[in-house]
Each structure stands twice: as structure tokens, then as C-alpha cells.
Amino acid sequence: MPYDTNLNFIFWCPTKVVFGENTALDVAIEVENLKCKKALIVTDRDLVKNTDIPEKIKKALGNLCVGIFSDVEADSGVHIVNQGAKIGKELGVDCLVSVGGGSAIDTAKGMAIILKEGGKLQDYAGFQILTRPQTPHIVIPTTAGTGSEVTYIAVIKDHQEGRKLLFGDYNILPNVAILDPKMTEGLPPKLTAATGMDAMCHAIEAMHSLQREPVADGMALHAIRLIKEFLLRAVQNGKDMTARGQMLIAATLAGSAFSNAQVGLVHALAHSVGARFKVHHGLANSILLPACLRYNADVCGDVYLNILSALGVNVKGIPVDQAGEAVADEIGKFTKELGLPQRLRDAGVPEEGLKECSELALSDGAIVYNPKFISDSEEVLKVYQQAW
Ligand SMILES: [Fe+2]
């Protein structure tokens, strides 16, 4: 799958990345660098209830912090964003510091829009609608997976309408991402594994995407190497700061790669089982990845040989037409080692629900970037069945 001979691409990642243990405690410097004076922390309830992380960040911000908005929940909603923005406006905030996983980060991306533009969040759904930079936003991730700290995408659910809204705009890319391994120390092993596999899928899907390009490929390849080397370590010992740090770097690399090159079939299928049966996003990706690799194998053999090498496999002697099978097996072995469920049936998806998910997946935006054209729900169903 060579690059197009008339290769044309834009790679865009203006987010400043700060890495290191305890760097989150220097967040005030980043607020000052952005010339801001009133920061609002955006975080989720569980983090406030179960950890001292939001309080630590508040303390680190000192007088620059005007409050903590902690109503974010999993699958954050439009109503939460609108409510957070209303509070932010009342407090006169000029900067947001999101602390959490993808949901908290995406909520802050939505709030950044409303604080700047006013109106209702629903009015800004879509792609490249905004015309100017939004409210400054610093991200402190507490999981290593979504990559949302460096992506131009936010996914926010409209609970009233029962659908997820997609916001894709260069103007919502966060200004700063602070990758502090200490912030992910308390993430339980199962979530560490599942979110880490989300990053693995971002990297692999960026590499086989129709919009693949060499800059994103380089980042994705290194992300795969790091995940293979450090994810199991982070799962087995959450206090292993080297592994935690390298996983944060991997998630950011993979996030930036897919923010530019896009994702494909794995994400389209994962979004649908997530929406319909609430399967955790990273877990759904992890289960679906081998079946999707097998589906794409006949057009991606050379890419999959590169991925196998990054996974540490000696590819000498593996024919290009067997690379798909080999990489799918290797991923299966890896996720077993991580202790993750292997089948959709083990993740609460009933067999009779697959048909509905197949139809849903066909309308998912990610599917259009899949290297192999797929427009028949029966074909999608076959991939689901393999993973069931
Ligand atoms: Fe993802």
C-alpha cells in the first residue's frame, strides 16, 4: 500500500507538549504563559471522589484558580458542557484546565467554544465551523489512551436526541498538554489496559488509513513500539513511573497521528457497540482490532509487515499476503497477556444486537477512511461475527 505518487498532505499539531514527573504541579506557569489569570478546572466526579488530583491541581494554580467544575461523567453530554460554560461565564474565566480522561477533555473543548462564541453547543457541531482561536485550554490527562490532548476532535453526546455529536475544528486543539506520569498512577489495571489499546488502535488505524502520510506514520510506528514495550508493565505495576510516562507519550504520539491521518473500520465498529451496548471504547477497539486487520489484510500487507516489526516480530520469511493474519495473531496474544476479554460476547454484546450495530457502523464517519471500501452491512456483520 504505497503512498499516492501525488502525495499531498497537511500535518497539524500546534499543541505544546510538556512531559515529566510532577510537571502538572507547574501548571500555573503554563497559565501565565498564555497570559491568563482566571482558570477553571474541568474534571469528573470520580476523580474528585476517589483521588486528590483535582485538589492538587487547584493548589498548584493558587490564585489563578477560580473554581472546579466537576460534573463531567462518562460520555459527557451537551447539557453538561452548556452548564459548565454558564458557570465559567459567571466566574469570568479566561482559561480552562481539564484534568481527566477523554470525557473531561472533550467537555472542556466544548466549553471553550461556548465561552468564546456564546450560544448553544449544538450550533457548532460539524467540521471547521469556527473562525478564530477559542478559550485557551490546558490538558492534564489522567489516562493514557484517547490522545484527546492533541486532537482537533471532541465527541459530546446529545442525550435528549440520543446521538453523539462530533466537533472537528483546528480551533479547539488544546494549547498545552501536560503529560505527568504521576497523574495516571492510580488508574486501575483493567482501565490501563483498555485505554492503552485505544492508543494502539489509533496508531494502527492511522497507518492503514486512506489518509495515511509519512509524518503521522512515523509517530504511529513509535507509539506501537512504546505500547508493546510498556503497556503490560503499566498494567502489572501501576506505580512503574517509566512505564506510565512512556504510555502517556505513546498515547500522545498516536493521538497526533490519527488526528491527522484519521481512523477506520475498528473505530466505526467500536463506536457502534459503545453507543448501543455501552462497551468501553478501548475494550471494544481491542476486541475488534484482529478481525478488522484480517478484513483489510489483502490491501495492507506491506503496512502490516511494518507494524509487525514495530511489535518486535522478526518479519523475515513472512510473505506479504500472510502479514494480516500474523499481525492479528500477535495483537490477540498481546491483549490476552494484558488480561483483556477476547470476544464481544464477553463484553456484554448479545449476538442478536450485531445486525443493528452493523447498520449503525456504516454511517460512522471513521469508516470512510478505511483502506478497503465497505458499504454493505452484511460485510460489516461478518467482521462483527468474527469478533463475537
Ligand atoms: Fe479511540
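Before any of the text, the structure's been laid out above.
What this report covers is the structure whose coordinates are included nearby. The structure displayed is predicted, hence computed values, not measured ones.

## Things to note about the coordination of the iron ion
Point 1. Around the iron ion, the donor atoms from the protein are Asp198 (OD), His202 (NE2), His267 (NE2) and His281 (NE2), and they sit 2.2 Å away.
Point 2. Mapped onto the polypeptide sequence, the residues donating to the iron ion form the spacing pattern D-x3-H-x64-H-x13-H. Placement of the pair is Asp198 in helix 6 (residues 189-208) and His267 in helix 9 (residues 265-277), with a sequence separation of 69 residues. There is no split in this pair, since Asp198 and His267 are both buried.

## Some remarks on the packing of helix 7 (residues 214-236) against helix 11 (residues 323-337)
Point 1. Contact geometry for helix 7 and helix 11: axes closest at 10 Å, N-to-C directions at 20 degrees. Between helix 7 and helix 11, the angle falls in the class roughly parallel. Where helix 7 approaches helix 11, its residues Ile227, Lys228, Leu231 and Leu232 are matched on the opposing element by Glu330, Phe334 and Glu337.

## Quick look at a nonpolar patch on the surface
Point 1. A contiguous nonpolar patch, built from Tyr3, Leu7, Phe9 and Val215 and spanning about 300 Å² of accessible area, is present on the exposed surface.
Point 2. Note that Val215 resides in helix 7.

## Points about the layout of surface pockets
Point 1. Put simply, the second largest pocket is a space of about 210 Å³.
Point 2. Taken together, 16 residues form the lining of the second largest pocket, with Pro133, Gln134, Asn171, Leu173 and Asn175 sitting closest to its centre.

## Here's the deal with the packing of aromatic side chains
Point 1. For the structure shown, the criterion picks out two aromatic pairs.
Point 2. A centroid spacing of 5.7 Å and a plane angle of 50 degrees characterise the contact between Trp12 and Tyr170, whose relative ring orientation is tilted. With a gap of 158 residues between them, Trp12 in the segment before strand 1 (16-19) and Tyr170 in the loop between strand 8 (163-168) and strand 9 (176-179) connect regions that are remote in the sequence.
Point 3. A relative accessible area of 40% places Trp12 in the partly exposed class.
Point 4. Judged by its relative accessible area of 35%, Tyr170 is partly exposed.
Point 5. With a centroid separation of 5.3 Å and an interplanar angle of 45 degrees, the aromatic rings of Tyr152 and Tyr170 are classed as tilted. One end of the pair, Tyr152, is in the loop between strand 6 (137-141) and strand 7 (153-158); the other, Tyr170, is in the loop between strand 8 and strand 9, and 18 residues separate them in sequence.
Point 6. Residue class for Tyr152 comes out buried when judged on its relative accessible area of 9%.
Point 7. Grouped by ring-pair contacts, the aromatic residues Trp12, Tyr152 and Tyr170 constitute a single cluster.
Point 8. Taking the ring centre of Tyr295 as reference, the NZ or CZ of Lys372 above it sits at 4.3 Å.

## What about the sheet that holds strand 3 (residues 65-72)?
Point 1. With respect to topology, six strands assemble into an open sheet ordered 1-9-6-4-2-3, the strand pairing being parallel. Unpaired on one side and paired on the other, strand 1 and strand 3 mark the two borders of the sheet. Going across the sheet, the axis of each strand differs from the next one's by a mean of 20 degrees, ignoring polarity.
Point 2. In this sheet, strand 9 lies alongside strand 6 in parallel orientation, the contact comprising two bridges. Bridging from a neighbouring strand, Ile138 pairs with Val176 of strand 9.
Point 3. Across the sheet, helix 4 (residues 78-91) is in contact with strand 2 (39-44) and strand 3; its angle to strand 3 comes to roughly 165 degrees.

## Overview of the pairing of strand 8
Point 1. Relative to strand 8, strand 5 (residues 126-127) runs parallel, the two being bridged by two bridges. Note on strand 8: the bridge partner recorded for Phe127 is Gly168.
Point 2. In this sheet, strand 8 lies alongside strand 7 in antiparallel orientation, the contact comprising six bridges. Considered in strand 8, the bridge of Val155 is made with Leu166.

## A closer look at the sheet that holds strand 7
Point 1. Spatially, three strands are ordered 5-8-7 in an open sheet, and the strand pairing comes out mixed. The two strands at the open ends of the sheet, each matched to only one other strand, are strand 5 and strand 7.
Point 2. Seen against the sheet, helix 5 (residues 102-117) touches strand 7 and strand 8 and runs at an angle of roughly 90 degrees to strand 7.

## A look at the state of the cysteines
Point 1. In total, this model carries zero disulfides according to the counting rule given.
Point 2. You can see Cys292 has no disulfide; the closest cysteine sulfur is in Cys201, sitting 8.3 Å from it.
Point 3. Relative accessible area serves as the criterion here: at 0%, Cys292 is assigned to the buried category.

## Here's the deal with the nonpolar core
Point 1. Met200, Leu269 and Tyr384 are the most contacted members of the largest nonpolar core, which has 84 residues in total.
Point 2. With 16 residues, the top contributor of residues to this core is helix 10 (residues 281-310).
Point 3. Contacts of Leu269, omitting those with residues within four sequence positions, involve Leu288, Cys292, Ala361, Val380, Val383 and Tyr384.
Point 4. Ranked by size, the runner-up nonpolar core spans 25 residues in total, among them Val93, Ile113, Leu115 and Leu165.

About the cut-offs
Residues numbered from 1 in each chain as written. Predicted model: local features only at pLDDT ≥ 70, side-chain atom pairs only at ≥ 80, totals over all residues. Heavy atoms only, no water. Donors = N, O, S within 2.8 Å, 3.2 Å for Na, K, Ca; no water. Helix = DSSP H or I, 4+ residues; strand = E, 2+ residues; numbered from the N terminus. Buried < 20%, exposed > 50% of the residue type's maximum accessible area, 1.4 Å probe, protein only. Axes fitted to C-alpha atoms, helices over the stretch in contact; angles between N-to-C directions. Parallel < 35°, antiparallel > 145°, perpendicular 65-115°, else oblique. Contact = heavy atoms within 4.5 Å. Patch = residues over 30% accessible without salt bridge, like charges linked within 9 Å, V, L, I, M, F, W, Y side chains within 5 Å. Areas by Shrake-Rupley, 256 points an atom, 1.4 Å probe, with all protein chains shown as cover. Salt bridge = Lys/Arg side-chain N within 4 Å of Asp/Glu carboxyl O. 1 Å grid on protein atoms, 1.4 Å probe; cavity = no way out; pocket = protein on both sides within 12 Å on 5 of 7 lines; lining within 4 Å. Points joined across faces, edges and corners; volume = space filled by probe spheres on them. Phe/Tyr/Trp six-rings, centres within 6.5 Å; stacked < 30°, edge-to-face > 60°. Lys NZ or Arg CZ within 6 Å of the ring centre and 35° of its normal. Pairing = 2+ DSSP bridges. Disulfide = S-S within 2.5 Å. Core = buried A, V, L, I, M, F, W, Y, C linked by side-chain atoms within 4.5 Å.

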